[in-house]
Amino acid sequence: DRGASTDVLLLRGDTAQISARIVSLVDGAAQVTSPDSIFASYNRIFRTPLMLVSLFAAIAVLTGAVVVFLTWRLALGEARPTLSRLRLLGARTGDLVVGSGLVLVPILLVTYVVGAAIGVVLGRELSSFRQQITNFTGQAFEQPVNYALPLSGAFIAAVAMFAFAWLTGVFQLRAVA
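Residues numbered from 1 in each chain as written. Predicted model: local features only at pLDDT ≥ 70, side-chain atom pairs only at ≥ 80, totals over all residues. Heavy atoms only, no water.

J.: Requested: an account of the overall build of the chain, with residues and values cited.
T.: For the chain, the helix and strand inventory stands at seven helices and zero strands. Each helix (α) and strand (β) of the chain, taken in turn from the N terminus, gives the series α-α-α-α-α-α-α. Put simply, of all contacts in the chain between residues at least 6 apart along the chain, 75% involve residues at least 24 apart. Carbon together with sulfur atoms contributes 67% to the accessible area of the chain, which is approximately 13100 Å² in total. (Helix = DSSP H or I, 4+ residues; strand = E, 2+ residues; numbered from the N terminus. Contact = heavy atoms within 4.5 Å. Areas by Shrake-Rupley, 256 points an atom, 1.4 Å probe, with all protein chains shown as cover.)

J.: Explain helix α1 (residues 15-25) to me, using residue names and the numbers behind them.
T.: Burial analysis of α1 places just zero of its eleven residues in the buried class, which makes it a mostly uncovered element. Positive phi shows up at Asp27, right after α1, with a value of about 55°. (Buried < 20%, exposed > 50% of the residue type's maximum accessible area, 1.4 Å probe, protein only.)

J.: How would you explain the packing of aromatic side chains if you had to name every residue and give the values?
T.: Aromatic rings considered in pairs are described by the distance between their centres and by the relative angle of their planes. In the structure shown here, the tally under the stated rule is two aromatic pairs. An angle of 45° between the planes, with centres 5.6 Å apart, marks the rings of Phe69 and Phe164 as tilted. Highlighted residues: Phe69 in helix α3 (residues 40-78) and Phe164 in helix α7 (residues 148-176), separated in sequence by 95 residues. The exposure class assigned to Phe69 is buried, which follows from its relative accessible area of 19%. (Phe/Tyr/Trp six-rings, centres within 6.5 Å; stacked < 30°, edge-to-face > 60°.)

J.: How would you explain the nonpolar core if you had to name every residue and give the values?
T.: Ranked by size, the top nonpolar core spans 13 residues in total, and within it Trp72, Leu76, Leu83, Phe162 and Leu173 carry the most contacts. Residue contributions to this core peak at five residues, all from α7. Those residues within four positions of Phe162 in sequence are excluded, and the remaining contacts are Val68, Leu104, Ile107, Leu108 and Thr111. (Core = buried A, V, L, I, M, F, W, Y, C linked by side-chain atoms within 4.5 Å.)

J.: Please give an account of the pattern of salt bridges that cites residues and values.
T.: Using the criterion set out here, one finds one salt bridge in the structure. Of the charged contacts, one joins Asp95 and Arg92 as a salt bridge, the two residues approaching to 3.2 Å between their closest N and O atoms. Assessed through its relative accessible area of 56%, Arg92 is described here as exposed. (Salt bridge = Lys/Arg side-chain N within 4 Å of Asp/Glu carboxyl O.)

J.: Provide a residue-level description of helix α5 (residues 93-125), including the pertinent values.
T.: Counting along an α-helix, one turn takes 3.6 residues, and residues three or four places apart therefore face a common direction. The first and last C-alpha atoms of α5 sit 48 Å apart over 33 residues, in line with the 48 Å expected at 1.5 Å per residue. Regarding α5, the residues found buried are Thr93, Leu96, Val97, Ser100, Gly101, Leu104, Leu108, Tyr112 and Ala116. (Expected span 1.5 Å × (residues − 1).)

J.: A description of the packing of α3 against helix α4 (residues 80-88) should follow, citing residues and the corresponding values.
T.: Taken N-terminus to C-terminus, the directions of α3 and α4 make an angle of 55°; their axes are 4 Å apart at the nearest point. Classified by the angle their axes make, α3 and α4 are oblique. Contacts between α3 and α4 involve Leu76, Gly77 and Glu78 from the first element and Arg80, Pro81 and Leu83 from the second. Looking at the contact of α3 with α4 residue by residue, the classes come out as three nonpolar, one polar and two charged. (Axes fitted to C-alpha atoms, helices over the stretch in contact; angles between N-to-C directions. Parallel < 35°, antiparallel > 145°, perpendicular 65-115°, else oblique. Nonpolar A, V, L, I, M, F, W, Y, C, P; charged D, E, K, R; others polar.)

If you want it as structure tokens, here you go:
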């Protein structure tokens, strides 16, 4: 609870004119600086936790990519006799490559929907953590929850994992076919 005092006041406009006017209004009891300098210490405080979260996210994407890659390679290995029969019946390698990509699209979408739903639920449950950060930093405002950035990042990560698995499967498919 901040009571009746104001810690930070963010204003738009001509910086020189505003700063001179604010300093004169409070009789020199205010320090007028840019928002970047005010929040620089907070940026330094949260740099390490953000790097750790980014590192865990990268590890999760790489782990997911390895799981999808190994699963797809095993599926192609088991389908080797069927692929050879299809080639004998006249299927072109390009058709098999496109077909393998089309098989992965529904799996990609289902995986993304399940992962995005779990991520949104976990994000809502971690709102108390966000409240603690707001209280710790002394911010007088709360950022609204932004779902677009994490959901688009998750979709890009899922597409990258499945594209990696599909492309490596294409090389194996060309060797088989």
